[in-house]
Amino acid sequence: MLKNITGTFFTRILVSVLNFAIIILTAKLMGAEIRGSISLCMLAIAIAGLINEIVGGPAVVYLVPRFNNHSIAMYSYLWAMLVSLSSSLLLGLFHFYDIELLPLVASCSLMLCLGSIHQFLLLGHQKIKAFNSIALSQSVILFIVFISFVFQKQYHIQSYFYSLLIAYAISFLLGLKYINFVWKNDELINQKPTLKILFNNGLLTQLASLTHLMSSRITFYFSSHFISLAFVGVLSTALSITEAAMLFSSSVALITASTVSNEMNKTKAANTTLKLIKLSLLISFALLFVLSIFPESLMSAIFGKDFSGIKIIIFTLIPGALANSISQVISHYYSGSGKFKINTTVGFISLAFSLLAGVLFFKTSSILLPGCIISASSIAAMIYFVRLFLKENHWKVQQLLPTFEDIKLVFNKIKNHS
């Protein structure tokens with residue numbers, strides 16, 4: 001399991017480095033306002049992706065060992081085509097992003113949705129290497145194609161989305177190749193899922209993901225209206241930097257869902273999750289500490305003059321990021337256990353908190369407010385998760401905190417696997 005976590009972690013480091021290179025290039029060459037427009041379009045694509053995953057998302061990880069995979073894929077493809085096109089159109093008509101970019105946003109949404117289906121099917125089969133290779137290939141292709149536009153001095157927003165579309169399309173084809181290989185070498189289950197089973201499980205899961213996404217990203221729309229579109233570019237970049245420090249946590253969470261969904265012993269699954277929480281918290285704290293001492297002058301030099309003051313925004317996001325290092329693991333534990341309603345409840349709590357806090361925008365346009373809202377919402381979600389998880393397993397809060405023995409165990413395992 002540690003091998004899968006470290007493999008996923010280092011894959012995500014490479015992905016993050018490539019994505020960061022693109023963030024730096026877009027910031028330097030296009031400025032904060034274009035970064036803001038890209039962020040709003042990417043949010044629209046992400047929303048389409050999350051709605052698509054009602055049928056073809058994380059719930060598939062739970063269903064793959066239990067139902068016929070071809071049937072799962074068929075329902076997922078049809079849903080992906082419907083959702084990606086309709087959601088992109090509706091969000092464009094309601095001015096969530098520049099309507100002129102609708103064709104590109106809709107195309108990227110479609111390819112993202114179709115490609116993600118293959119990745120979740122692979123994750124359900126515990127094909128972590130294949131999952132990671134697709135994620136890495138997508139970022140490599142995006143980087144190469146975008147750099148080719150840069151060399152041609154095509155510094156416009158369309159260049160980014162043409163690159164993204166090509167990367168998503170190739171990832172879809174690569175995923176199709178991997179999943180066909182899995183189906184040829186694994187015995188397929190004859191029991192077919194009904195659309196009701198797929199929809200009910202996925203609806204709860206994706207309501208949780210969608211509300212979680214909107215609880216943090218709703219501040220983009222508040223900031224665009226009450227501060228400026230350029231500030232959205234700064235905020236989204238600060239959030240990307242903070243989330244990059246959480247790569248290990250997200251890798252641990254991913255493995256948690258896959259492990260728990262295939263573990264029939266509930267006590268063993270809970271104990272494994274407890275160890276993963278400690279591991280996630282330990283590494284995340286170290287990475288966030290490094291981020292906190294990173295010189296602001298260097299950040300401004302990297303991203304450009306439009307991004308001066310980004311360090312103070314990052315400071316407002318760090319408490320929420322640390323809370324997420326715990327929440328992500330517990331959330332994936334409940335997803336892997338099939339307890340989707342819990343994640344949905346937490347998602348609505350988090351979103352409601354962000355919306356209520358958004359009233360403060362009418363009283364102040366401080367650049368510190370959005371980050372504080374995001375962190376407070378994340379902390380509220382973590383408190384709910386932790387209380388429920390500890391109560392369910394009859395544990396105390398101290399048991400979540402890494403001890404010296406836990407630190408030694410991590411180093412020993414790393415040493416043994418090196």
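(A) Here's a closer look at the overall build of the protein chain. Across its full length, the protein chain carries 15 helices and zero strands. Buried positions account for 53% of the 418 residues belonging to the protein chain. Here the analysis covers contacts within the protein chain between residues at least 6 apart in sequence; of these, 84% occur between residues at least 24 apart. Accessible surface, the protein chain as shown: approximately 18800 Å² in total, 67% of it carbon and sulfur.

(B) Expanded view of the pattern of salt bridges. Counted by the stated rule, this structure contains two salt bridges. With its nearest N and O atoms 2.9 Å apart, the salt bridge here joins Arg217 to Glu243. Note that Arg217 is positioned in helix H7 (residues 195-226) and Glu243 in helix H8 (residues 229-244), a separation of 26 residues in sequence. Among the ionic pairs, Glu392 bridges to Lys339, the shortest N-O distance being 3.4 Å. Of this pair, Glu392 sits in helix H14 (residues 369-393) while Lys339 sits in the loop between helix H12 (310-336) and helix H13 (340-357); the two residues are 53 residues apart in sequence, bridging distant segments of the chain.

(C) Fine view of empty space enclosed by the protein. Here the structure, examined in full by the defined rule, presents three cavities of 30 Å³ or more. Taken as a whole, the second largest cavity spans an internal volume of roughly 40 Å³. Broken down by secondary-structure element, the contributors of at least two residues to the lining of the second largest cavity are H7 and H14. Along the lines of polarity and charge, the residues of the lining of the second largest cavity split into two nonpolar, seven polar and no charged.

(D) Up close: the layout of surface pockets. Taken as a whole, the largest pocket spans an internal volume of roughly 420 Å³. Surrounding the largest pocket, 17 residues form its lining, Phe20, Ile241, Ala244, Ala245 and Leu291 being those nearest its centre. Mapped by element, the contributors of at least two residues to the lining of the largest pocket are helix H1 (2-56), H8, helix H10 (266-292) and helix H11 (296-303). Ranked by residue count, the leading element in the lining of the largest pocket is H1, at six residues. Residue composition of the lining of the largest pocket, grouped by class: 16 nonpolar, one polar and no charged.

(E) Quick peek at the packing of H12 against H13. Running from N to C, H12 and H13 point in directions that differ by 145°, and their axes come no closer than 7 Å. Only Phe340, Ile342 and Asn343 of H13 make contact with H12, whose side of the interface consists of Ser331, Tyr334 and Ser335. Residues that form the contact of H12 with H13 fall into these classes: three nonpolar, three polar and no charged.

(F) Main features of the environment of Lys192. Note on placement: Lys192 falls in the loop between helix H6 (157-185) and H7. Here Lys192 falls in the exposed class, since its relative accessible area comes to 60%. As for Lys192 and Asn69, which are separated by 123 residues in sequence, their C-alpha atoms are 8.1 Å apart. Those residues in contact with Lys192 that lie beyond four places of it in its chain are Phe67, Asn68 and Ser71.

(G) Spotlight on the nonpolar core. In terms of nonpolar packing, the biggest core is built from 91 residues, with Leu121, Phe161, Leu164, Ile310 and Ile314 touching the most fellow members. Examining the composition of this core, we find that 16 residues originate from one element, H1, more than from any other. Filtering out sequence-adjacent residues up to four positions away, Ile314 remains in contact with Ala238, Ile241, Thr242, Leu291 and Met299.

Criteria and cut-off values
- Residues numbered from 1 in each chain as written.
- Predicted model: local features only at pLDDT ≥ 70, side-chain atom pairs only at ≥ 80, totals over all residues.
- Heavy atoms only, no water.
- Helix = DSSP H or I, 4+ residues; strand = E, 2+ residues; numbered from the N terminus.
- Buried < 20%, exposed > 50% of the residue type's maximum accessible area, 1.4 Å probe, protein only.
- Contact = heavy atoms within 4.5 Å.
- Areas by Shrake-Rupley, 256 points an atom, 1.4 Å probe, with all protein chains shown as cover.
- Salt bridge = Lys/Arg side-chain N within 4 Å of Asp/Glu carboxyl O.
- 1 Å grid on protein atoms, 1.4 Å probe; cavity = no way out; pocket = protein on both sides within 12 Å on 5 of 7 lines; lining within 4 Å.
- Points joined across faces, edges and corners; volume = space filled by probe spheres on them.
- Nonpolar A, V, L, I, M, F, W, Y, C, P; charged D, E, K, R; others polar.
- Axes fitted to C-alpha atoms, helices over the stretch in contact; angles between N-to-C directions.
- Core = buried A, V, L, I, M, F, W, Y, C linked by side-chain atoms within 4.5 Å.

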